[in-house]
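What follows is the residue order along each chain.
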Amino acid sequence: RPRCHQRPLASPRPGSQPGPRLSRLFRRGKRRVGGGRLPPPPPTPPPGSMNEARGAQGGPGSPGDEVFVLDAQNASPTVTFLQELPSYQSMLRRRTSTGTHDHHSLARSTSEESRNLIERIGCRETAKPLREYALSIADKRRLRNIQEANIKYLSGWDQWKQISRKSWRKFVEETKELSSYLKLWRHDIHSIEGKFGTGIQSYFSFLRFLVLLNFVIFLLMFSFVMLPSTVSKHGVFNGSYVEPPLESTEPECTVYIVSGTKGLIYFHTYIIDLLSGTGFLEKTSLFYGYYTVDTVYFGTVRYRVPLAYLLTTLAYLSLSLLWIVKRSVEGFKQSLVRNEDQFQSYCNKIFAGWDFCITDVNAARLKHSSLQYELKTDLEEERLRQRVAERTTQEKVRIYCLRIFLNLIVLAVLSACFYAIYRATVYSQENISCDKKIKLEDNLWIQYLPSIVITMANFIAPLIFSVLIKLEDYSPAFEIRLTLMRCVFVRLANIGVLLFSLWTRITFCVDQKCQACGYNYKLYPCWESRVGQEMYKLMIFDFIIIFAVTVFVDFPRKLLVTHCSWKACRWCGLQEFDIPNNVLEMVYGQTICWIGTFYCPLLPAIATIKYFIIFYVKKISLMHTCKPSSRPFRASSSNFFFLVVLLIGLILAFIPLGLSMTHIRSSKACGPFVYFTHSWDVIAYTINRFPDVLKKVLNSMASEAFAVPFFMVLCLIMFYFMALAGAHKRVVNQLREQLVMESRDKLFLIRKLTEAQRLS
C-alpha cells in the first residue's frame, strides 16, 4: 500500500494550548471589560510540566497528548476558565469519588479530531462513500482532494481496483433506485403516507410484505411439490406411487372414499364444497391427500416427492423466520435508539416530532392532535409515577388484590372462549354430513361452526379486556401494550385450541383395529386433509368477515354519520382505523397459512389473493369510511411491533407442525408418507440410504459426543457477544453523557458571554 504523500494538515505542536476554540470564544466575549482590553494571556506553561502530564497519560503518542495541568501557579487564565466548565467539574467529581488522583483532562478539539480522521482515511483505500462519514462539508471536500491526489501514487492494478469499486458501487445504487420503482403498490403507499403519516403507511407496507412472503411460499410449494406430482400423474414423466406396507397395516386403514362426488349432485352441493373444501375439491391438488406420487424419474435423476414435501415445509418455515428476523432487527435498532430518557423524549416530541411526509390538511390537523395526545399521555404517566411513589401500604395491598381479581376474570374469559371452541369443534366434527337432502344453510352452519365461534371470541374478548384494563390502574402506555398482548394471545391460542380439539378426535381409538392404524380411521381416513379443510375454512371465513364488515358496517355507518342529523349517529362518529387490531387480523390469517400449508399446499396462493384484495378494501375504507386513530403510532415502533407479533405467530405454527410430524401417525390411505409411521421418518430413511462414510458423519453429528462440545462453543460465543454488547452499551452511555455535558458547556459559555456583554 503506498504511503500518503500529503503534508499533515495541522500537527499539534509541543506545548501548544489546548482548546483553541474555547479560548478564542472567551477572549472575544471579554474583549472589552471595564472599558479596557484584557491583558494578553501569559506564556505557555513550561515544557517540563507538559511532559509530566504526558507521562501521566501514557507517554508521547498516546491519546492524551493534549492536556492541561491543574497547577494554580502555572495555569493560564484560559485554562483556569476551562476548569470552570461543567463537563470538567463533573469529571473531577467522578474521579475524586473513585479515588483517582490523575488530575488531567483531555481537551482535544473537534477540529483536531476531524484532521486526524481525514489523514487516516485519506492515506488508505476506502469502500465507503464520503457521505457516510461524520464530517462537515469542508472536511469532506478536503478528504476528497486528498484521495484524488493519492491516486497518482497508486499502481495500475490498485487504480483499476479503486475505479472498479466505485463503478460497482454506482451500479448497485442505480439498480436499487430502479428496483424501487418496481415495488408493489409504490404509488398507493406513498399517497397514503402523504395523507395519513408514516404510522398508517407502516400497516400497508406490512400488508405488502405478507403478500410477497406468501407468494414466495407458494412458489416453493409449487416448484418442489405440486409441479413434480402433477407432471407425473399426467404422464409427462415416469413415476411411481406410494404403497403402504401391507404386512404391518390393517386393510381398513388404506380405504379412502370421497363421498358426494358420484351420482346426481345438486347445485348447492358445489357451493358447500367450494366454501368448505369437501367433495370435488378434496381430491384435487388443494389438499394433502392428492399427493400420492413417491418417485419421479427425470431421465436418470430420481426425485423423491415425500422428502421434497417435508424439506419444502421446513424451507418455507425457515425462510419466514429469517425474513422476519432480518426485518425486525432493523426496527429493533430504531426502537432501541428511541428508548431514551424522559427529557430527551420531550425534546424529540417538541422539536423533532413532526412528520414531514404529511401533505393533507386534515392529516396535519390529526398529527397536531396526536402530538398533543402524546404530551398529555407523558404528563399523565408522570402524575401516575408520582402517585405510585406516594402510595401507602394499604393502597398497594388494595390495588394488588384488585389486579389479581381482574386477572382471574381474564383467565375465566379465556377459559370460556377455549371451552366454547372445543365444544363447537367436537359438535361440528360429529355432525358433518354430506347427505344430499340436508338443507344448505344447516350444512354450512355445521361446517363453519368452529370458525364462527373463533371469530366471536376474537371480537368479544378484546372488548372485555379493554373494560377491565381501565380498572387495573396502569399507565396509558402499559395499558395499550398489555391489552394488545392479551388480544394476541386470544387470537393465536384460539387456533391452538382448535387444533387440540381436532387431534383429540383424530387420536381417539375405541377398538383394536383403530389402535393398529394409530388414528381414528373411521372418522378420519385421511386426517391431514381434514385438518387442511379446517384451515381452509378459517382462511375463507376470515376474508368474508373482513370484507363484510367493511361493506355492510363501515359504509352504512359513514352514510348515517354524514347525512343523518340524529344525535346518536353524531355521537357514534366514524369508525377509527385502528392499526393494532388490523395488524392482529393479518397475523391471525398468516398463522393459519403457516400451519395449513403442510395440509393444504395451495393455501399460500389463497392467502396471496386474499391479502391482495384486502389491500384495496382497507385502502378504500381508510379513504372514504374511516378516520385515522387518535392514538399515535410511530412507523419505527409500529414495524417492530408488527414483526414481533408475526414472529410469535410463526413460533406458534412450529409447535403443531412439529408435533404432527413426529408424534401422530401419518395416514395410510392418502398422502406421500403412507410408507412411514411418521412424516419425520423420511429423514432417517433417506440418511440410511447414504454411503457409509456420510452416514457415519451424520450420525456422529447427531450424537451426544458432538452435541455437548457444540453447545459449549455456542455458549462461549454467546458470552462473547454478551460481553461485547455490554461494552458497546457502556460506550453509548458515555457518549450520551458527553452530549449532555456539551449542552451544559454551551449553556455555561453563553451565560459567561452574556455577563461579559452586560459588564461592557
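Residues numbered from 1 in each chain as written. Predicted model: local features only at pLDDT ≥ 70, side-chain atom pairs only at ≥ 80, totals over all residues. Heavy atoms only, no water.

Draft legend 1. Structural detail: the overall build of the protein. Counting its regular elements, the protein contains 26 helices and 9 strands. Counting across all 760 residues of the protein, residues that qualify as buried make up 41%. Restricting the contact set of the protein to residue pairs at least 6 apart, pairs at least 24 apart contribute 77%. In the form shown here, the protein has an accessible surface area of approximately 43300 Å², with 63% of it arising from carbon and sulfur atoms. (Helix = DSSP H or I, 4+ residues; strand = E, 2+ residues; numbered from the N terminus. Buried < 20%, exposed > 50% of the residue type's maximum accessible area, 1.4 Å probe, protein only. Contact = heavy atoms within 4.5 Å. Areas by Shrake-Rupley, 256 points an atom, 1.4 Å probe, with all protein chains shown as cover.)

Draft legend 2. Structural detail: the pattern of salt bridges. Within the structure shown, the criterion is met by 7 salt bridges. For Lys537, the salt bridge is made with Glu534, and the minimal N-O distance between the two is 3.1 Å. In this pair, Lys537 and Glu534 are both assigned in helix α19 (residues 527-563), 3 residues apart and thus about one turn of the helix distant. Each member of the pair Lys537 and Glu534 is classed as buried. With its nearest N and O atoms 2.6 Å apart, the salt bridge here joins Lys610 to Asp542. Linking Lys610 in helix α22 (residues 603-625) with Asp542 in helix α19, this pair joins segments that are 68 residues apart in sequence. (Salt bridge = Lys/Arg side-chain N within 4 Å of Asp/Glu carboxyl O.)

Draft legend 3. Expanded view of the nonpolar core. In this structure, Tyr203, Phe204, Phe206, Tyr316, Trp527, Met586 and Trp594 are the most contacted members of the largest nonpolar core, which totals 105 residues. Considering each element in turn, this core owes the most residues, 15 residues, to helix α9 (residues 198-233). Not counting chain neighbours up to four residues away, the residues in contact with Trp527 comprise Trp503, Ile506, Tyr519, Tyr599, Ser660, Ile664, Arg665, Ser666 and Ser667. If you look at the next biggest cluster of nonpolar residues, it comprises 10 residues, including Val413, Cys417, Phe465 and Val490. (Core = buried A, V, L, I, M, F, W, Y, C linked by side-chain atoms within 4.5 Å.)

Draft legend 4. Focus on the state of the cysteines. Enumeration according to the criterion identifies 1 disulfide in this entry. Between the sulfur of Cys526 and that of Cys670 lies a disulfide, 1.8 Å long from S to S. With the S-S dihedral at roughly 90°, the linkage between Cys526 and Cys670 falls on the right-handed side. Taken together, the positions of Cys526 in the loop between α18 (512-517) and α19 and Cys670 in the loop between α23 (635-662) and α24 (681-688) put the pair 144 residues apart, joining distant regions of the chain. The class for Cys526 is buried, based on a relative accessible area of 4%. Here Cys670 falls in the buried class, since its relative accessible area comes to 1%. Distance from the sulfur of Cys593, which forms no disulfide, to the nearest cysteine sulfur (Cys600) is 9.0 Å. (Disulfide = S-S within 2.5 Å.)

Draft legend 5. Main features of the sheet that holds strand β6 (residues 293-298). Across the sheet, 3 strands lie side by side as β5-β6-β7; this open sheet has antiparallel pairing. Only two strands of the sheet have a single partner each, and these edge strands are β5 (238-241) and β7 (301-304). Put simply, the sheet's adjacent strands are angled 20° from each other on average, direction ignored. (Pairing = 2+ DSSP bridges. Axes fitted to C-alpha atoms, helices over the stretch in contact; angles between N-to-C directions.)

Draft legend 6. Looking closely at unusual backbone geometry. Not every positive phi belongs to a glycine, and Trp185 is a case in point at roughly 60°. Checked against the element boundaries, Trp185 lands in the loop between α7 (156-180) and α8 (186-196).

Draft legend 7. Looking closely at the confidence of the model for the protein. Model confidence for the protein is summarised by a mean pLDDT of 76, while 75% of its residues fall at 70 or above. Predicted confidence is poor over residues 1-73, with pLDDT under 50, and the contacts of this stretch with residues over four places away or in other chains come to 100 contacts. Considering only residues more than four positions removed or in separate chains, one finds that residues 101-110, a stretch of pLDDT under 50, has 32 contacts. (pLDDT = per-residue confidence, 0-100.)

Draft legend 8. Inspection of the environment of Ser320 at higher detail. Its location among the elements puts Ser320 in helix α11 (residues 305-337). Each C-alpha atom of the pair Ser320 and Ile217 lies 8.6 Å from the other, and the pair is 103 residues apart in sequence. When sequence neighbours within four positions are dropped, the list of residues in contact with Ser320 reads Leu213, Ile217, Trp594 and Leu650. There is a polar contact of 2.7 Å between the side chain of Ser320 and the backbone oxygen of Tyr316. (Polar contact = N/O pair within 3.5 Å; in protein donor to acceptor, adjacent residues only side chain to side chain.)

Draft legend 9. Looking closely at the pairing of β6. Direction of pairing for β5 relative to β6: antiparallel, over a ladder of 4 bridges. Following the sheet pairing, Ser240 is matched in β6 by Thr295. Sheet analysis places β6 next to β7, joined by 4 bridges and oriented antiparallel. Of the residues in β7, the one forming a bridge with Val296 is Tyr303. Between the end of β6 and the start of β7, which pair antiparallel, lie 2 residues, with Gly299 showing a positive phi angle near 70°.

Draft legend 10. Representation of the packing of aromatic side chains in the model. Scanning the entire structure with this criterion turns up 31 aromatic pairs. An angle of 75° between the planes, with centres 5.1 Å apart, marks the rings of Tyr203 and Phe204 as edge-to-face. Aromatic side chains Phe598 and Phe673 sit 6.4 Å apart centroid to centroid with 20° between the ring planes, which places their arrangement in the stacked category. Here the residue Phe598 occupies a position in the loop between α21 (579-596) and α22, and Phe673 occupies one in the loop between α23 and α24, the gap between them amounting to 75 residues. For the pair shown, Phe598 and Phe673 are each scored as buried. Following the ring pairs from residue to residue traces out a cluster consisting of Tyr288, Tyr290, Tyr291, Tyr309, Trp527, Phe598, Tyr599 and Phe673. If you follow Lys233 out to its NZ or CZ, it ends over the ring of Tyr290, 3.8 Å from the centre. When the ring centre of Phe209 is taken as origin, the NZ or CZ atom of Arg327, which lies over that ring, is 4.4 Å away. (Phe/Tyr/Trp six-rings, centres within 6.5 Å; stacked < 30°, edge-to-face > 60°. Lys NZ or Arg CZ within 6 Å of the ring centre and 35° of its normal.)

Draft legend 11. Molecular detail of the packing of helix α14 (residues 393-431) against helix α16 (residues 449-471). Where α14 contacts α16, the two axes come as close as 9 Å, and the packing angle between them is 175°. Overall, the two elements α14 and α16 adopt an arrangement that is roughly antiparallel. Among the residues forming the contact of α14 with α16, the class breakdown is 21 nonpolar, 2 polar and no charged. (Parallel < 35°, antiparallel > 145°, perpendicular 65-115°, else oblique. Nonpolar A, V, L, I, M, F, W, Y, C, P; charged D, E, K, R; others polar.)

Draft legend 12. View of the side chain of Thr312. For Thr312, the location among the structural elements is in helix α11. Since its relative accessible area comes to 5%, Thr312 is described here as buried. If we ignore the near neighbours within four places in the chain, the residues touching Thr312 are Leu220, Met221, Phe224 and Val225.

Draft legend 13. Local environment of the side chain of Arg486. Looking at the secondary structure, you find Arg486 in helix α17 (residues 476-506). In this structure Arg486 comes out as buried when scored by relative accessible area, which is 10%. Apart from the residues within four sequence positions on either side, Arg486 is in contact with Asn407, Val410, Phe465, Ile469 and Glu472.

Draft legend 14. Focus on the packing of α16 against α19. Look at α16 against α19: their axes get within 9 Å of each other, and the N-to-C directions meet at 50°. In terms of their interaxial angle, α16 and α19 are classed as oblique. Viewed along their axes, α16 and α19 form a crossing whose handedness is right-handed. Here Pro450, Ser451, Ile452, Ile454 and Thr455 of α16 lie close against α19, whose contacting residues are Glu534, Lys537, Leu538, Phe541 and Ile545. A breakdown of the residues in the contact of α16 with α19 according to their chemical character gives 6 nonpolar, 2 polar and 2 charged. (Left-handed = near helix turned anticlockwise from the far one by under 90°.)

Draft legend 15. The arrangement of the environment of Glu250 in detail. Note on placement: Glu250 falls in the loop between β5 and α10 (267-276). When the C-alpha positions of Glu250 and Ala516 are compared, they lie 6.9 Å apart, and in sequence the two are 266 residues distant.

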